[in-house]
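Geometric and topological summary
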Amino acid sequence: MTMLLFQIGLAILTILLLKDTCGASVTPDPVFQYIDANQEKFVQRLKEWVVIKSDSSDPSLRNEVHKMMEITAELIKTLGGTAELVDIGLQQLPSGETLKLPSVVLGQIGQDPDKPTLCIYGHTDVQPARKEDGWDTDPYTLTEINGNLYGRGASDDKGQILPWINAAEALQSQELPVNFKFLIEGMEEVGSDGLAELIMKRNQTFFSDVDYIVLADTAWISEKPALTYGARGNCYFLVEVECANRDLHSGSYGGVIHEAMTDLIALLDSLTNSSGHILIPGINEAVAALTDEETKLYSGISFDHEEFRNKIGAQELRQKNKEDVLLQRWRYPSLTIHGIEGAFSGAGTKTVIPAKVIGKFSIRQVPDMDPLQVEKQVIEYLDKKFAELKSPNKMKTTMVIGAKPWLTDPNNKAFHAGRKASKRAFGVEPDLIRVGGTIPIATTLEDVTGKNLIMMPLGGPYDAAHGQNEKISRYNYIEGTKFAAAYAQEFAKL
Ligand SMILES: *[C@@H]1O[C@H](CO)[C@@H](O)[C@H](O)[C@H]1NC(C)=O
Ligand SMILES: *[C@@H]1O[C@H](CO)[C@@H](O)[C@H](O)[C@H]1NC(C)=O
Ligand SMILES: [Zn+2]
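Rules and cut-offs
- Residues numbered from 1 in each chain as written.
- Chains lettered and ligands numbered in written order.
- Predicted model: local features only at pLDDT ≥ 70, side-chain atom pairs only at ≥ 80, totals over all residues.
- Heavy atoms only, no water.
- Axes fitted to C-alpha atoms, helices over the stretch in contact; angles between N-to-C directions.
- Helix = DSSP H or I, 4+ residues; strand = E, 2+ residues; numbered from the N terminus.
- Parallel < 35°, antiparallel > 145°, perpendicular 65-115°, else oblique.
- Left-handed = near helix turned anticlockwise from the far one by under 90°.
- Contact = heavy atoms within 4.5 Å.
- Nonpolar A, V, L, I, M, F, W, Y, C, P; charged D, E, K, R; others polar.
- Donors = N, O, S within 2.8 Å, 3.2 Å for Na, K, Ca; no water.
- Tetrahedral: all angles 85-135°; square planar, octahedral: opposite > 155°, others 65-115°.
- Buried < 20%, exposed > 50% of the residue type's maximum accessible area, 1.4 Å probe, protein only.
- Core = buried A, V, L, I, M, F, W, Y, C linked by side-chain atoms within 4.5 Å.
- Near = heavy atom within 4 Å.
- Polar contact = N/O pair within 3.5 Å; in protein donor to acceptor, adjacent residues only side chain to side chain.
- Areas by Shrake-Rupley, 256 points an atom, 1.4 Å probe, with all protein chains shown as cover.
- Pairing = 2+ DSSP bridges.

Right, let's get into the packing of helix α3 (residues 39-50) against helix α15 (residues 474-493). α15 packs onto α3 with a crossing angle of 115° between their chain directions and a minimal axis gap of 11 Å. Taken together, the axis directions place α3 and α15 in an arrangement best described as roughly perpendicular. The hand of the α3/α15 crossing is right-handed. Along its contact with α3, which presents Gln39, Glu40, Phe42, Val43 and Leu46, the element α15 presents Arg474, Tyr477, Ile478 and Thr481. Residue composition of the contact of α3 with α15, by class: 5 nonpolar, 2 polar and 2 charged.

This part covers the coordination of the zinc ion (ligand 3). Coordination of the zinc ion (ligand 3) by the protein involves His123 (NE2), Asp156 (OD), Asp217 (OD) and Asp217 (OD), with metal-donor separations of 1.9 to 2.6 Å. For the zinc ion (ligand 3), the 4 donor atoms are set out with angles of 53 to 140° between them, so the coordination reads as irregular. Between consecutive donor residues of the zinc ion (ligand 3), the sequence gaps follow H-x32-D-x60-D. On the criterion of sequence distance, the pair formed by His123 in strand β5 (residues 117-123) and Asp217 in the loop between β9 (212-215) and β10 (226-231) is long-range, its members being 94 residues apart. Asp217 carries the same exposure label as His123, and that label is buried.

What follows covers the nonpolar core. Counting residues in each nonpolar core, the largest one holds 73 residues, and the members touching the most others are Leu118, Trp164, Phe180 and Tyr487. Looking at this core element by element, the count peaks at 9 residues for α15. In contact with Tyr487, other than residues within four places in its own chain, are Leu118, Trp164, Val214, Ala414, Ala417, Gly418, Ala421, Ile454 and Met456. Counting 32 residues, the second-largest nonpolar core is a separate cluster that includes Val239, Ile280, Ala343 and Leu382.

Attention now moves to the site of ligand 1. Taken together, the residues surrounding ligand 1 are Met200, Asn203, Gln204, Val448 and Thr449. Asn203 has a polar side-chain atom sitting 2.4 Å from an oxygen atom of ligand 1. Within the backbone of Val448, a nitrogen or oxygen atom sits 2.8 Å from a nitrogen atom of ligand 1. For ligand 1, whose unbound accessible area comes to 360 Å², protein coverage reaches 49%. Considered class by class, the residues forming the shell around ligand 1 number 2 nonpolar, 3 polar and no charged.

So, on to the sheet that holds strand β11 (residues 233-242). Ordered by their spatial adjacency, 4 strands build an open sheet running β13-β15-β11-β16, and the pairing between neighbours is antiparallel. Looking at the sheet topology across the chains shown, the edges are occupied by β13 (335-341) and β16 (394-403). With strand direction ignored, the average angle separating the axes of adjacent strands in the sheet is 20°. Across 10 bridges, the pairing between β11 and strand β15 (residues 356-365) is antiparallel. The residue of β15 that forms the bridge with Glu242 is Lys356. Contacts between helix α8 (residues 260-269) and the sheet are confined to β11, β13, β15 and β16, with β11 contributing the most and set at about 150° to the helix. Strand contacts of helix α12 (residues 371-389): β11, β15 and β16, with the helix running at about 160° to β16, the strand carrying the most contacts.

What follows is the structure in structure tokens.
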């Protein structure tokens, strides 16, 4: 009797709990059930992907990247889809040698012309990783510790593209609400060689029936799920100053010649004031004004700027509250001096006057800055500053990267579907965020295909992508799979 009462109580409690997390529905979602029932298989899949050393930066590992693209295509085919391995030609190495670029996978699961089509973009190449770099586990053996799955590519990006493929499998066990297309490359970590050309070539074919593009990469900024609606661009500059035809002895030539390094330091110092404010005319003036609606988005975001500061061991941030830190990271430009090529940087006390030095700095781009304008503004400004030095040396500024920022409307239908999917998969409203980094492929995809894009990160805030002990939590990986499946369903309802 007591047992029966207990069981009835338990059943009522379960119904209440289900009601609470799923809104009106009391029946557990069959797609979510499929994902839970298959989670070991999905983790095993990630393990089989992580074991492949698909480091695109190392020519000696290129065969591993080729293999990675092949098994990516294989998996899509195993699930009943189609997958083409598209040859995108050769890579020119600095040595003059050429190397075959990894093929791009163009895959598809579902071919119903009456259903909308989502195109998922991701990459299966990874950053370098060696145990000796300070990993606690073998970087290419997916290892689970305390609910975290450690391994190179676990978060960036193998563990973020797989949830979409797994979601397609889970949806197929019921009914596919959309057609999935997959655009998966193997050169993302080194600049996506050949990808823009491929997108251009397939614009009228592969991309013609795509309704929306989902970028499956990047990360949340807290333990809360997030949808990303913006990324900064980047303009990278080299400033070269030359004072002699060879390096000189500072005892014999010091004080006699105008040193290139002194000129360069003065030029680099003229770029910002000590508050980090960019002094190049026109840069700050081009920044789009902050709207009230935008300001409201920032206050609701769960982000702890003190924790953020503490994790990196910095003494103090320039901004004093959460909102200002996020605004600076996402929607204002910043200028960073990265290094000086040709300068003495080894240990010890070499007494050299470097003959030629190249200063390197970049400016993160935000709307409404325009890289071509920025190039002009920077060159004019440095020419003027150099003239003020009255130096006889040779100086030249060049822009070597000019990537535009990306921004979309977080109130559009794709974000609406994303918010509903987040509530179903994670039980919470997602944060609407931007990223401070640059994702050139987002602008390329939108500009070429004319389709809109949403970024749906599945990585956690401290997954250490590119670093030692990269991981994704099992929670992010499995619930992220539900998020992807729910997103497809919600998108189809629109
Ligand atoms: C790509 O195709 C779309 C139609 O699907 C078209 O609107 C767009 O202009 C094309 N882009 C280019 C660069 O030709
Ligand atoms: C840097 O420039 C900004 C804008 O003019 C100004 O508000 C700030 O006080 C300056 N910082 C210093 C240290 O001069
Ligand atoms: Zn990535």
